[in-house]
Amino acid sequence: VMVASSSMPFAMSQGEGPFYYLYKHLVFLAGGIVLAAALMRTELKQVERYSQVLLLLCFVLLLAVFVPGIGRTINGARRWLNIGVSNFQVVEAVKILFILWLASYLVRFRDVIGNSMKALFKPLLVAGALVGFLLLQPDFGSSALLLAITAGMVWLGGARIRNLALPTLAGLGLMSFIVMLEPYRVRRLTSFSNPWADALDSGYQLVQALIAIGRGDLTGVGLGGSILKLDYLPEAHTDFIFAVTAEELGFVGVCVIIGLY
(Lines give C-alpha, C1' and ligand atoms only; values in the text may rest on other atoms or scores of the structure.)
Protein backbone atom coordinates (compact mmCIF):
# COMPACT_ATOMS: atom_id res chain seq x y z
CA VAL A 1 0.00 0.00 0.00
CA MET A 2 2.77 2.45 0.89
CA VAL A 3 4.76 1.59 -2.26
CA ALA A 4 1.69 2.57 -4.28
CA SER A 5 1.03 5.76 -2.31
CA SER A 6 4.63 6.99 -2.22
CA SER A 7 5.45 6.19 -5.87
CA MET A 8 2.43 7.65 -7.70
CA PRO A 9 3.76 11.22 -8.18
CA PHE A 10 7.18 10.01 -9.32
CA ALA A 11 5.74 7.39 -11.69
CA MET A 12 3.49 9.96 -13.37
CA SER A 13 6.34 12.47 -13.66
CA GLN A 14 8.27 9.78 -15.57
CA GLY A 15 5.38 9.31 -18.01
CA GLU A 16 4.27 6.01 -16.48
CA GLY A 17 0.90 4.98 -15.04
CA PRO A 18 0.22 5.80 -11.36
CA PHE A 19 0.49 2.14 -10.31
CA TYR A 20 3.65 1.36 -12.34
CA TYR A 21 5.86 0.78 -9.29
CA LEU A 22 3.12 -1.09 -7.44
CA TYR A 23 2.83 -3.59 -10.30
CA LYS A 24 6.62 -4.04 -10.34
CA HIS A 25 6.59 -4.53 -6.58
CA LEU A 26 3.89 -7.22 -6.83
CA VAL A 27 5.93 -9.06 -9.48
CA PHE A 28 8.98 -8.97 -7.19
CA LEU A 29 6.88 -10.21 -4.26
CA ALA A 30 5.62 -13.14 -6.33
CA GLY A 31 9.15 -14.00 -7.45
CA GLY A 32 10.39 -13.69 -3.87
CA ILE A 33 7.72 -16.08 -2.59
CA VAL A 34 8.65 -18.68 -5.23
CA LEU A 35 12.35 -18.32 -4.39
CA ALA A 36 11.66 -18.52 -0.65
CA ALA A 37 9.61 -21.71 -1.13
CA ALA A 38 12.45 -23.29 -3.14
CA LEU A 39 15.04 -22.36 -0.51
CA MET A 40 12.88 -23.70 2.32
CA ARG A 41 12.93 -27.12 0.61
CA THR A 42 16.73 -27.08 0.23
CA GLU A 43 18.70 -29.09 2.79
CA LEU A 44 21.40 -27.20 4.68
CA LYS A 45 23.87 -29.96 3.76
CA GLN A 46 23.32 -29.08 0.11
CA VAL A 47 24.05 -25.42 0.81
CA GLU A 48 27.22 -26.29 2.72
CA ARG A 49 28.39 -28.62 -0.04
CA TYR A 50 28.34 -25.78 -2.56
CA SER A 51 29.60 -23.04 -0.22
CA GLN A 52 32.73 -22.43 -2.34
CA VAL A 53 30.52 -21.92 -5.39
CA LEU A 54 28.51 -19.34 -3.44
CA LEU A 55 31.71 -17.48 -2.58
CA LEU A 56 32.82 -17.53 -6.22
CA LEU A 57 29.42 -16.17 -7.19
CA CYS A 58 29.99 -13.21 -4.83
CA PHE A 59 33.07 -12.17 -6.81
CA VAL A 60 31.38 -12.83 -10.18
CA LEU A 61 28.45 -10.57 -9.25
CA LEU A 62 30.70 -7.76 -7.98
CA LEU A 63 32.77 -7.91 -11.18
CA ALA A 64 29.70 -8.08 -13.44
CA VAL A 65 28.68 -4.50 -12.59
CA PHE A 66 31.79 -3.27 -14.44
CA VAL A 67 30.88 -5.15 -17.65
CA PRO A 68 29.55 -2.70 -20.31
CA GLY A 69 25.94 -3.37 -21.25
CA ILE A 70 25.24 -5.36 -18.08
CA GLY A 71 26.33 -3.01 -15.30
CA ARG A 72 24.35 0.16 -14.69
CA THR A 73 25.52 3.46 -13.18
CA ILE A 74 22.91 5.30 -11.10
CA ASN A 75 23.62 8.50 -9.13
CA GLY A 76 27.34 8.15 -9.85
CA ALA A 77 27.67 4.61 -8.46
CA ARG A 78 28.13 1.43 -10.51
CA ARG A 79 26.21 -1.01 -8.28
CA TRP A 80 23.40 -2.37 -10.42
CA LEU A 81 22.89 -5.10 -13.02
CA ASN A 82 20.35 -4.71 -15.80
CA ILE A 83 18.19 -7.86 -15.64
CA GLY A 84 15.65 -6.73 -18.23
CA VAL A 85 12.56 -6.14 -16.09
CA SER A 86 14.50 -4.05 -13.60
CA ASN A 87 17.89 -3.13 -12.15
CA PHE A 88 19.31 -5.41 -9.46
CA GLN A 89 21.71 -4.19 -6.77
CA VAL A 90 24.19 -7.06 -6.54
CA VAL A 91 25.41 -6.34 -3.00
CA GLU A 92 22.02 -7.48 -1.64
CA ALA A 93 22.69 -10.98 -3.01
CA VAL A 94 26.38 -10.85 -2.12
CA LYS A 95 25.62 -10.21 1.57
CA ILE A 96 23.46 -13.33 1.81
CA LEU A 97 25.84 -15.53 -0.23
CA PHE A 98 28.81 -14.39 1.86
CA ILE A 99 26.97 -15.08 5.14
CA LEU A 100 26.18 -18.61 3.91
CA TRP A 101 29.81 -19.24 2.95
CA LEU A 102 31.15 -17.79 6.20
CA ALA A 103 28.71 -19.84 8.30
CA SER A 104 29.83 -22.99 6.48
CA TYR A 105 33.51 -22.07 6.98
CA LEU A 106 33.05 -21.42 10.70
CA VAL A 107 31.33 -24.77 11.16
CA ARG A 108 34.18 -26.59 9.41
CA PHE A 109 36.91 -24.81 11.42
CA ARG A 110 35.09 -24.33 14.73
CA ASP A 111 37.66 -26.43 16.62
CA VAL A 112 40.71 -24.44 15.48
CA ILE A 113 39.57 -20.88 14.79
CA GLY A 114 40.01 -19.93 18.44
CA ASN A 115 43.74 -20.75 18.39
CA SER A 116 44.82 -20.69 14.75
CA MET A 117 45.59 -17.28 13.25
CA LYS A 118 45.65 -18.89 9.79
CA ALA A 119 42.08 -20.14 10.21
CA LEU A 120 41.03 -16.69 11.45
CA PHE A 121 42.69 -14.65 8.72
CA LYS A 122 41.16 -16.52 5.75
CA PRO A 123 37.60 -15.14 6.23
CA LEU A 124 39.04 -11.72 7.08
CA LEU A 125 41.05 -11.68 3.82
CA VAL A 126 38.02 -12.82 1.81
CA ALA A 127 35.90 -10.07 3.38
CA GLY A 128 38.67 -7.57 2.63
CA ALA A 129 38.72 -8.60 -1.04
CA LEU A 130 34.93 -8.22 -1.32
CA VAL A 131 35.12 -4.83 0.37
CA GLY A 132 37.78 -3.78 -2.15
CA PHE A 133 35.38 -4.45 -5.04
CA LEU A 134 32.56 -2.66 -3.20
CA LEU A 135 34.69 0.44 -2.69
CA LEU A 136 35.42 0.54 -6.43
CA GLN A 137 31.68 0.96 -7.14
CA PRO A 138 31.78 2.94 -4.71
CA ASP A 139 29.59 1.59 -1.87
CA PHE A 140 31.03 2.57 1.50
CA GLY A 141 27.90 1.73 3.52
CA SER A 142 27.73 -1.88 2.34
CA SER A 143 31.50 -2.22 2.84
CA ALA A 144 31.22 -1.19 6.49
CA LEU A 145 28.24 -3.51 6.98
CA LEU A 146 30.07 -6.48 5.44
CA LEU A 147 33.06 -5.93 7.76
CA ALA A 148 30.77 -5.70 10.78
CA ILE A 149 28.99 -8.93 9.79
CA THR A 150 32.35 -10.68 9.35
CA ALA A 151 33.68 -9.55 12.74
CA GLY A 152 30.47 -10.52 14.51
CA MET A 153 30.18 -13.96 12.92
CA VAL A 154 33.87 -14.81 13.40
CA TRP A 155 33.62 -13.85 17.08
CA LEU A 156 30.45 -15.92 17.54
CA GLY A 157 32.20 -18.74 15.67
CA GLY A 158 34.84 -19.02 18.41
CA ALA A 159 37.59 -16.51 17.56
CA ARG A 160 39.26 -14.91 20.58
CA ILE A 161 38.82 -11.20 21.19
CA ARG A 162 42.58 -10.65 21.52
CA ASN A 163 43.14 -12.19 18.08
CA LEU A 164 40.44 -9.98 16.56
CA ALA A 165 41.62 -6.77 18.22
CA LEU A 166 44.48 -5.94 15.81
CA PRO A 167 42.56 -6.65 12.55
CA THR A 168 39.56 -4.70 13.91
CA LEU A 169 41.66 -1.64 14.80
CA ALA A 170 43.43 -1.80 11.43
CA GLY A 171 40.09 -2.05 9.64
CA LEU A 172 38.61 0.89 11.54
CA GLY A 173 41.68 2.99 10.77
CA LEU A 174 41.57 2.13 7.08
CA MET A 175 37.83 2.81 6.76
CA SER A 176 38.23 6.14 8.57
CA PHE A 177 40.98 7.08 6.11
CA ILE A 178 38.74 6.13 3.17
CA VAL A 179 35.95 8.32 4.57
CA MET A 180 38.31 11.29 4.77
CA LEU A 181 39.40 10.83 1.13
CA GLU A 182 35.96 11.82 -0.19
CA PRO A 183 34.46 15.14 0.97
CA TYR A 184 30.89 13.94 0.31
CA ARG A 185 31.33 11.10 2.83
CA VAL A 186 32.53 13.54 5.46
CA ARG A 187 29.53 15.77 4.72
CA ARG A 188 27.21 12.81 5.16
CA LEU A 189 28.61 12.11 8.61
CA THR A 190 28.52 15.75 9.70
CA SER A 191 25.04 16.35 8.23
CA PHE A 192 23.73 13.30 10.07
CA SER A 193 24.56 14.93 13.42
CA ASN A 194 23.03 18.29 12.40
CA PRO A 195 21.23 18.22 9.01
CA TRP A 196 19.76 21.70 9.60
CA ALA A 197 23.24 23.25 9.36
CA ASP A 198 23.16 22.64 5.56
CA ALA A 199 19.47 22.11 4.93
CA LEU A 200 19.64 22.83 1.19
CA ASP A 201 22.61 20.61 0.31
CA SER A 202 24.19 17.78 2.34
CA GLY A 203 21.40 17.76 4.92
CA TYR A 204 18.55 18.13 2.41
CA GLN A 205 17.29 14.53 2.45
CA LEU A 206 17.31 14.24 6.23
CA VAL A 207 15.62 17.62 6.71
CA GLN A 208 12.82 16.72 4.27
CA ALA A 209 12.40 13.34 5.97
CA LEU A 210 12.16 14.98 9.40
CA ILE A 211 9.59 17.46 8.08
CA ALA A 212 7.52 14.56 6.73
CA ILE A 213 7.72 12.68 10.04
CA GLY A 214 6.82 15.87 11.93
CA ARG A 215 3.75 16.50 9.72
CA GLY A 216 2.51 13.00 10.47
CA ASP A 217 2.26 13.73 14.20
CA LEU A 218 0.36 11.01 16.09
CA THR A 219 -2.15 9.62 13.56
CA GLY A 220 -0.91 11.01 10.22
CA VAL A 221 -2.39 13.26 7.55
CA GLY A 222 -4.22 10.35 5.94
CA LEU A 223 -3.39 7.76 3.30
CA GLY A 224 -2.35 9.49 0.08
CA GLY A 225 -2.16 12.90 1.74
CA SER A 226 1.63 13.30 1.86
CA ILE A 227 2.96 16.59 0.51
CA LEU A 228 6.66 15.78 0.87
CA LYS A 229 6.42 12.96 -1.70
CA LEU A 230 5.49 15.57 -4.33
CA ASP A 231 9.10 16.01 -5.47
CA TYR A 232 10.35 17.44 -2.17
CA LEU A 233 11.64 14.21 -0.61
CA PRO A 234 14.18 12.41 -2.85
CA GLU A 235 13.73 8.65 -3.38
CA ALA A 236 10.36 8.82 -1.62
CA HIS A 237 9.23 5.36 -2.76
CA THR A 238 12.55 3.61 -2.02
CA ASP A 239 15.13 4.87 0.50
CA PHE A 240 12.75 7.30 2.25
CA ILE A 241 9.47 5.38 2.14
CA PHE A 242 9.49 5.27 5.96
CA ALA A 243 9.23 9.09 6.07
CA VAL A 244 6.21 9.06 3.74
CA THR A 245 4.63 6.32 5.87
CA ALA A 246 5.18 8.44 8.99
CA GLU A 247 3.60 11.47 7.30
CA GLU A 248 0.51 9.59 6.12
CA LEU A 249 -0.02 7.08 8.97
CA GLY A 250 1.65 8.95 11.84
CA PHE A 251 3.47 7.67 14.88
CA VAL A 252 0.80 5.01 15.47
CA GLY A 253 1.15 3.66 11.91
CA VAL A 254 4.95 3.38 11.95
CA CYS A 255 4.84 1.71 15.38
CA VAL A 256 2.48 -0.90 13.92
CA ILE A 257 4.90 -1.51 11.03
CA ILE A 258 7.92 -1.80 13.37
CA GLY A 259 5.86 -4.11 15.58
CA LEU A 260 5.16 -6.37 12.58
CA TYR A 261 8.90 -6.65 11.93
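It should be noted that the structure appears before, not after, this text.
Keep in mind that what you see is a predicted model, and the values were worked out from it rather than measured.

Asks: Could you clarify how one ought to interpret the packing of helix α5 (residues 90-108) against helix α7 (residues 140-156) in this entry?
Replies: A pair of packed helices is captured by two measures, namely the crossing angle of their axes and the spacing between those axes. Their axes nearest at 11 Å, the elements α5 and α7 cross at an angle of 15 degrees. Looking at the two axes, α5 sits roughly parallel to α7. Viewed along their axes, α5 and α7 form a crossing whose handedness is right-handed. Counting all contacts with α5, which are made through Val91, Lys95, Phe98, Ile99, Leu102, Ala103 and Leu106, the residues of α7 involved are Ser142, Leu145, Leu146, Ile149, Thr150, Met153 and Val154. Considering only residue class, the contact of α5 with α7 consists of eleven nonpolar, two polar and one charged.

Asks: Quick question: what am I supposed to make of the pairing of strand β1 (residues 71-74) here?
Replies: As a general feature of sheets, a regular strand has side chains that alternate between the two faces. Bridge analysis of β1 against strand β2 (residues 77-82) gives four bridges, and the strand direction is antiparallel. Looking across to β2, one finds that threonine 73 is bridged to arginine 78. Here β1 hands over to β2 after two residues, with asparagine 75 in that stretch at a positive phi of 55 degrees.

Asks: Which parts of the structure should I look at to understand the sheet that holds β1?
Replies: Strand order in the open sheet formed by three strands is β1-β2-β3, with antiparallel pairing between adjacent strands. Each edge of the open sheet carries a strand with a single partner, namely β1 and β3 (87-89). Averaged over neighbouring strand pairs, the angle between their axes works out to 50 degrees when direction is ignored. Lying on the sheet, α5 is in contact with β2 and β3; it crosses β3 at an angle near 40 degrees.

Asks: How should a nonpolar patch on the surface be read in this particular structure?
Replies: On the surface, a cluster of nonpolar side chains totalling about 570 Å² of accessible area is made up of Trp196, Leu210, Ile211, Ile213, Phe242 and Ile258. Secondary structure elements with two or more residues in the nonpolar patch: α10 (204-216) and α11 (241-260). Looking at the nonpolar patch element by element, the count peaks at three residues for α10. With respect to the helices, strands and loops of the structure, isoleucine 258 is situated in helix α11.

Asks: Explain the pattern of salt bridges to me, please; I cannot follow it from the model alone.
Replies: Working definition: two side chains of opposite charge can pair if their charged atoms are close together. This model, assessed by the stated rule, comprises three salt bridges. Lysine 95 serves as the salt-bridge partner of glutamate 92, at 3.3 Å between the closest nitrogen and oxygen. Placement of both glutamate 92 and lysine 95 in helix α5 is noted, with a separation of three residues, approximately one turn of the helix. We classify lysine 95 as buried; its relative accessible area is 16%. With a closest N to O distance of 3.0 Å, lysine 229 and glutamate 248 form a salt bridge. Pair noted here: lysine 229 is in the loop between α10 and α11 and glutamate 248 is in helix α11, with a separation of 19 residues, a long-range link. For lysine 229, a relative accessible area of 8% corresponds to the buried category.

Parameters and conventions
- Residues numbered from 1 in each chain as written.
- Predicted model: local features only at pLDDT ≥ 70, side-chain atom pairs only at ≥ 80, totals over all residues.
- Heavy atoms only, no water.
- Axes fitted to C-alpha atoms, helices over the stretch in contact; angles between N-to-C directions.
- Helix = DSSP H or I, 4+ residues; strand = E, 2+ residues; numbered from the N terminus.
- Parallel < 35°, antiparallel > 145°, perpendicular 65-115°, else oblique.
- Left-handed = near helix turned anticlockwise from the far one by under 90°.
- Contact = heavy atoms within 4.5 Å.
- Nonpolar A, V, L, I, M, F, W, Y, C, P; charged D, E, K, R; others polar.
- Pairing = 2+ DSSP bridges.
- Patch = residues over 30% accessible without salt bridge, like charges linked within 9 Å, V, L, I, M, F, W, Y side chains within 5 Å.
- Areas by Shrake-Rupley, 256 points an atom, 1.4 Å probe, with all protein chains shown as cover.
- Salt bridge = Lys/Arg side-chain N within 4 Å of Asp/Glu carboxyl O.
- Buried < 20%, exposed > 50% of the residue type's maximum accessible area, 1.4 Å probe, protein only.

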